[in-house]
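Spelled out, the chains give:
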Amino acid sequence: MTTSVMLPDNPTLDEYKKRLAELSERGVTEFARAANADELEAARIEFLGDQRGKLREFQIVLGKLPKEARPEAGRLFNAAKARLTDALELRRQEIAKLGDDSTTRPADLTMPARRSWRGAKHPVTLVIEEIEGIFRELGFTIAIGPEAETEWYNFGALNFPPNHPAMDLHDTLYLSGEGLLRTHTSPVQIRTLQRYAPPIRVLIPGRVYRRDFFDPSHAPAFEQIEGLCIDEGISFVDLKATLTRFANRFFGQRPTRFRPSFFPFTEPSAEMDVQCGVCGGQGCGVCKQTGWVEILGSGMVHPAVLEAAGVDSERYSGWAFGMGPGRIAISRYGIPDIRILYDSDVRFLEQISE
Ligand code: PHE
C-alpha cells in the first residue's frame with residue numbers, strides 16, 4: 001500500500017501542486033496494478049472515495065488557499081481528478097475483458113475435483129422394481145388403485161363378514177365422512193376385475209395404511225405388492241409354480257415352503273416362506289429360530305370375490321398374493337429396524353443404493 005500523502009493544513013500553491021501531482025501519479029499506478037474488480041474497487045475508494053478518498057482532502061484544502069491561488073489550484077484539481085477517473089475507467093474495461101480473475105490467477109490443477117452429489121433409489125423402491133421386472137417377464141402388467149377407499153372395496157367385496165375385527169377402529173384409519181385409507185392393496189383386485197375382462201395377470205404395487213405405532217417391526221404406512229391372475233382353468237398348481245419361480249429368481253436357489261393360512265378373500269389360502277438367508281435354515285435371530293422367513297400371503301380367489309366384481313365364478317378361477325417389499329428389503333439387507341426405511345438418513349441409504 002501507499003504511504004499517505006501528507007498535505008499541510010495551509011499549504012502554499014507550490015506545495016499544493018507538488019502533492020497533487022504525486023497523488024495522481026500514485027493513483028494511476030495503483031489502478032493499473034489492480035488485478036481484478038475487487039482490487040480496483042479498493043483502489044477507487046482509497047483515491048476517489050467520497051468520504052475518505054485521498055483526493056477529497058485536496059478539495060477541502062482548496063478553500064483554504066490564498067484567494068489569488070484558488071483559480072489555478074482549482075484547475076489543477078479538476079485535471080488530477082479527470083486523470084484518475086480516466087485511469088480507473090481504463091483499468092475497469094481491461095479487467096472486464098479478462099473476464100473473471102481465473103485468467104490472472106493460474107488454475108490449481110492439483111486441486112481435487114468437487115464430486116457431484118447424486119441421489120439414489122430407496123432400498124424399498126429397488127426391491128419393488130426388481131419384483132416388477134420378474135413378474136413382467138412372466139406376462140404380468142402393472143396396475144394401481146386409490147389409497148383412499150370405500151369400506152366395500154377394502155372389505156365388503158373381499159368377502160370380509162360384517163363386523164370383521166380388521167374393520168375395527170383399532171386397525172383401520174377411517175377418513176372423516178365416508179371412506180378409509182386402504183389397509184391392503186387387495187381392493188385393487190376388485191377394481192381390476194370390474195374394468196378388464198379375463199384373462200388377467202396384474203401386479204399392483206402401492207402404499208397401504210394401518211393404525212399401528214412406529215416400532216422396530218411396524219409402520220402405520222407401508223408398501224405392498226399384490227398379484228392377481230384370473231383365467232379359465234387356473235388352479236393351485238399355477239399359483240405354486242409361479243410363486244416358486246418368482247422366489248427362485250428373487251432369492252436365489254433357496255428352498256421355499258407353503259403353509260396353510262386364512263384370508264376371507266382366498267380359499268384355500270397359503271403363506272409362503274423362504275429359507276432364512278442369514279442362517280441357511282439353522283435358526284437365528286432374524287428368523288426367530290424357525291429357519292424360515294415369511295414372504296407373502298396367497299390363495300385361490302374366493303368365488304364370492306369374483307361374483308362381487310361381476311366375474312362368472314363358474315367359468316373363471318384364479319389366484320392372488322400379497323407381499324410387503326419393506327419386510328423383504330429388511331431381510332435382504334439385514335436392516336435391524338423398519339424405521340430406518342423411513343428416516344431418509346443418507347448415511348444409511350448410501351450403504352445400499354448405488
Ligand atoms: N391382503 C392380504 C394382507 O394384506 C395379503 C393377501 C393378498 C393374501 C392376496 C392373499 C391374497 O395381508
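Computed from a predicted structure; not experimentally measured. Sequence order as written defines the numbering, with residues in each chain counted from 1. Given that this is a predicted model, residues contribute local features only at a pLDDT of at least 70 and side-chain atom pairs are listed and counted only at 80 or more, while totals for whole chains, interfaces and linings are drawn from all residues. For side-chain calculations, the full set of non-hydrogen atoms in the structure is used, while hydrogens and water are omitted.

**Notes on the overall build of the protein**
Item 1. Along the protein, the regular secondary structure elements total twelve helices and nine strands.
Item 2. Taking the principal axes of its C-alpha atoms as reference, the protein extends roughly 120 × 50 × 35 Å.
Item 3. In this scheme, a residue with accessible area under 20% of its type's maximum is buried, one over 50% is exposed, and one in between is partly exposed, where area comes from a 1.4 Å probe on protein chains only. Burial statistics for the protein: of 354 residues in total, 40% are counted as buried.
Item 4. For the protein, the computed accessible surface area is about 20300 Å², with 52% contributed by carbon and sulfur atoms.
Item 5. Charged residues are defined narrowly, with Lys and Arg counted positive, Asp and Glu counted negative, and His plus the chain ends left uncounted. Throughout, a charge is located at the NZ atom of Lys, the CZ atom of Arg, the CG atom of Asp or the CD atom of Glu. Taken as two groups, the 43 positive and 49 negative side-chain charges of the protein have centres that lie 8 Å from each other. Secondary structure elements are taken from DSSP: a helix is a run of H or I of four residues or more, a strand is a run of E of two residues or more, and numbering for both begins at the N terminus. Where accessible areas are quoted, they stem from the Shrake-Rupley method and a 1.4 Å probe; at the residue level, only the protein chains shown are allowed to cover.

**Considerations on the packing of aromatic side chains**
Item 1. Between the rings of Phe, Tyr and Trp (Trp by its six-membered ring), a pair exists once the centres lie within 6.5 Å; its type follows the angle of the planes, with under 30 degrees stacked, over 60 edge-to-face, and the other angles tilted. One pass over the full model with this rule turns up 14 aromatic pairs.
Item 2. Summarising the aromatic geometry, the rings of Trp152 and Tyr153 are spaced 5.0 Å apart at their centres and angled 75° between planes, so their arrangement reads as edge-to-face.
Item 3. Taking the relative accessible area as the measure of exposure, Trp152 reaches 39% and is therefore partly exposed.
Item 4. Residue Tyr153 is classed as buried on the basis of its relative accessible area of 15%.

**Section: the packing of helix α5 (residues 123-137) against helix α10 (residues 325-333)**
Item 1. Running from N to C, α5 and α10 cross one another at 105°; their axes reach a closest spacing of 9 Å. Put simply, α5 runs roughly perpendicular to α10. Residues Pro123, Val124, Leu126, Val127, Ile128, Glu130 and Ile131 of α5 lie in contact with α10, whose contacting residues are Pro325, Gly326, Ile328, Ala329, Arg332 and Tyr333.
Item 2. Note on residue categories: nonpolar means Ala, Val, Leu, Ile, Met, Phe, Trp, Tyr, Cys or Pro, charged means Asp, Glu, Lys or Arg, and polar means any other residue, Gly included. Its residues assigned to classes, the contact of α5 with α10 comprises ten nonpolar, one polar and two charged. Fitting a line to C-alpha atoms yields each axis, with helices limited to the stretch in contact; the angle taken between N-to-C directions then spans 0 to 180 degrees. By the definition adopted for this analysis, an angle is roughly parallel if under 35 degrees, roughly antiparallel if over 145, roughly perpendicular if from 65 to 115, and oblique otherwise. We call two residues in contact when some of their heavy atoms are within 4.5 Å.

**Examining the sheet that holds strand β5 (residues 221-231)**
Item 1. When DSSP locates at least two bridges between a pair of strands, those strands are taken to pair. Read from one edge to the other, the open sheet built from seven strands follows the order β1-β4-β5-β9-β8-β7-β6, with strand pairing classed as mixed. Where the open sheet ends on each side, the last strands, each with one partner, are β1 (141-142) and β6 (256-263).
Item 2. Where β1 lies against strand β4 (residues 200-209), two bridges are found, and the strand directions are parallel. For Thr141, the partnering residue across the bridge sits in β4 and is Val202.
Item 3. Seen against the sheet, helix α7 (residues 187-195) touches β4, β5, β8 (292-301) and β9 (317-323) and runs at an angle of roughly 140° to β4.
Item 4. Sitting on the sheet, α10 is in contact with β5, β8 and β9, with an inclination near 110° to β5.

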